[in-house]
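# Understanding the architecture of this molecule
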Amino acid sequence: MSRVIAVMNQKGGVGKTTTAVNLGAALSEKSYKVLLIDLDPSGNMTQWLSGEYSKEQIGLSELLESKNSFGEVYNKSEKLNLDFVPAGGNLGEIASESGLSLYTLKNRMEHFSADYDFILFDCPPSSDILIGNALFAADSILIPIQTEALPLRAGARFLNWLEDFTGKNGNSINILGILPCMYDSRTRLSRIILETMKASENIGPLVFNTIIRKNVRLAELSGQDKSIFKSASKSYGASDYIDLADEVIERTGAKQPVAEIKQPEKIKSVNFAERDATEEDSGELVYQDSGSAEYVATEKEEKD
């Protein structure tokens, strides 16, 4: 069964595209079959993976409008060993129109989702019809939050917006986790923001154990059709996204790829409220109003 994850935050510049691409590449490194879908009209993920973004490209916009089939719009990234759907020629125009329903993307995905272990959405920093489609098509959402004051406040507002969206549309939203990004242990601010996130009654229980540290190698990748694993495999960026992939696999309860095992293995899930990796969880991660998160951060000098 495919796991569909929307990488989402209404604030821009917090690491959504970097996380979608490198998490997808990390899952691919572990032999999972991965599809990335660019839901952002700015086409940052499209440019990252194909080197360009133009109105002539066909992609998600044409798929949503039923102008082209999935087989006609998806591309293969040989360097990352995964598939991706570009944003398409007029995704921005679609977002400003009301012709799409909240179920359009989910309905289109019925024809190809079963072919993948993981499908990741790179979502725009907005609250338009594209975000609505992502929320109805995804099993869960992953929220990157930069470890700075303004992004943290924006993340809290986004959680409130999600509650309002749920109330108005009657759908449930499973938050897979909140991912601290661009963390710099050398600065007091980053350490304070991280501790604030962990101590929060609303955010704390959802924070990933994995932290994406600030890394110059990650910033150099866009437009190169590369992941951190191909350009700087020994960097902190590579190590962090491999750790995130392991945690995502565990939180989603994904089985190992069929090609990698001869007999099915039991995958233990985690009780995220208590952060005890030895206990089995109830199997569902939901938005909680109380709880705590325990994390011990080690400060190291970057070696890139």
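Quick note: structure is the one above.
Being a predicted model, the structure only gives us computed values, none of them experimental.

### Looking at the overall build of the protein chain
If you tally the helices and strands in the protein chain, you get twelve helices and seven strands. Once local pairs closer than 6 in sequence are excluded, the contacts in the protein chain between residues at least 24 apart make up 76%. On the protein chain, roughly 14100 Å² of surface is accessible, and the fraction owed to carbon and sulfur atoms is 45%.

### Considerations on unusual backbone geometry
The phi torsion at Ser 66 lies on the positive side, around 60°, for a residue other than glycine. Relative to the elements of secondary structure, Ser 66 occurs in the loop between α3 (60-64) and α4 (70-73). A positive phi angle is found at Met 182, which is not glycine, with a value near 55°. Mapped onto the secondary structure, Met 182 falls in the loop between β7 (175-181) and α9 (188-199). With a relative accessible area of 31%, Met 182 lands in the partly exposed category.

### Section: the pattern of salt bridges
Summed over the entire model, instances satisfying the criterion amount to seven salt bridges. We note a salt bridge from Arg 213 to Asp 240, for which the minimum N-O separation is 2.6 Å. Separated by 27 residues along the polypeptide, Arg 213 in the loop between α9 and α10 (216-219) and Asp 240 in helix α12 (residues 236-252) bring together distant segments of the chain. By relative accessible area, Asp 240 is classed as buried at 3%. With its nearest N and O atoms 3.3 Å apart, the salt bridge here joins Glu 247 to Arg 251. With Glu 247 and Arg 251 both in helix α12 and four residues apart, the pair spans about one turn of that helix. For Glu 247, a relative accessible area of 8% corresponds to the buried category. What makes Arg 251 buried here is its relative accessible area of 9%.

### Observations regarding helix α1 (residues 16-29)
Over its 14 residues, α1 runs 20 Å from end to end, which matches the ideal 20 Å to within 8%, given 1.5 Å per residue. The buried count for α1 comes to 13 of 14 residues, which makes it a mostly enclosed element. Just past α1, the residue Ser 31 takes up positive phi, approximately 75°.

### Structural notes on α12
Given 3.6 residues per helical turn, the α-helix brings residues three or four places apart onto the same face. The terminal C-alpha atoms of α12 lie 24 Å apart, and with 17 residues this matches the ideal 24 Å at 1.5 Å per residue to within 8%. Burial in α12 covers these residues: Tyr 236, Gly 237, Ala 238, Asp 240, Tyr 241, Leu 244, Ala 245, Glu 247, Val 248, Ile 249, Arg 251 and Thr 252. Following α12 by one or two positions, Gly 253 has its phi on the positive side, about 70°.

### Here's the deal with the sheet that holds strand β3 (residues 75-77)
Here seven strands make up an open sheet; going across it, the order is β3-β4-β2-β5-β1-β6-β7 and the pairing mixed. Lying at the two open borders of the sheet, with one neighbouring strand each, are β3 and β7. On average, adjacent strands in this sheet sit at an angle of 25° to one another, irrespective of strand direction. Where strand β1 (residues 3-7) meets strand β6 (residues 140-146), three bridges bridge the pair, whose relative direction is parallel.

### Notes on the environment of Val 34
Relative to the helices and strands, Val 34 is located in strand β2 (residues 34-38). Sequence separation between Val 34 and Leu 82 is 48 residues; the distance between their C-alpha atoms is 5.3 Å. If sequence neighbours within four positions are ignored, Val 34 has contacts with Gly 24, Leu 27, Ser 28, Leu 82, Asp 83, Tyr 116 and Phe 118.

### Topic: the side chain of Thr 19
Position of Thr 19 among the secondary structure elements: in helix α1. Apart from residues no more than four positions distant in its own chain, Thr 19 is found in contact with Val 7, Gly 24, Leu 142, Pro 144, Leu 179, Cys 181, Tyr 241 and Leu 244.

### Notes on the nonpolar core
By size, the foremost hydrophobic cluster in this structure holds 49 residues, and its most contacted members are Phe 121 and Leu 162. With seven residues, the top contributor of residues to this core is helix α7 (residues 129-137). Setting aside anything within four residues of it in sequence, one finds Leu 162 in contact with Leu 135, Ile 141, Ile 143, Ile 173 and Ile 175. Judged by nonpolar contacts, the second largest core, of 31 residues, contains Leu 27, Tyr 32, Met 45 and Ala 254.

### Describing the pairing of β7
Counting buried residues in β7 gives seven out of seven residues, a clear majority hidden from the surface. Where β6 lies against β7, six bridges are found, and the strand directions are parallel. The partner of Gln 146 across the bridge, within β7, is Cys 181. Crossover connection from β6 via helix α8 (residues 149-169) to parallel β7: handedness right-handed.

About the cut-offs
Residues numbered from 1 in each chain as written. Predicted model: local features only at pLDDT ≥ 70, side-chain atom pairs only at ≥ 80, totals over all residues. Heavy atoms only, no water. Helix = DSSP H or I, 4+ residues; strand = E, 2+ residues; numbered from the N terminus. Contact = heavy atoms within 4.5 Å. Areas by Shrake-Rupley, 256 points an atom, 1.4 Å probe, with all protein chains shown as cover. Buried < 20%, exposed > 50% of the residue type's maximum accessible area, 1.4 Å probe, protein only. Salt bridge = Lys/Arg side-chain N within 4 Å of Asp/Glu carboxyl O. Expected span 1.5 Å × (residues − 1). Pairing = 2+ DSSP bridges. Axes fitted to C-alpha atoms, helices over the stretch in contact; angles between N-to-C directions. Core = buried A, V, L, I, M, F, W, Y, C linked by side-chain atoms within 4.5 Å. Right-handed = clockwise from strand over helix to strand, strands pointing away.

Fair warning: the whole summary comes from geometry, so function is off the table for now.
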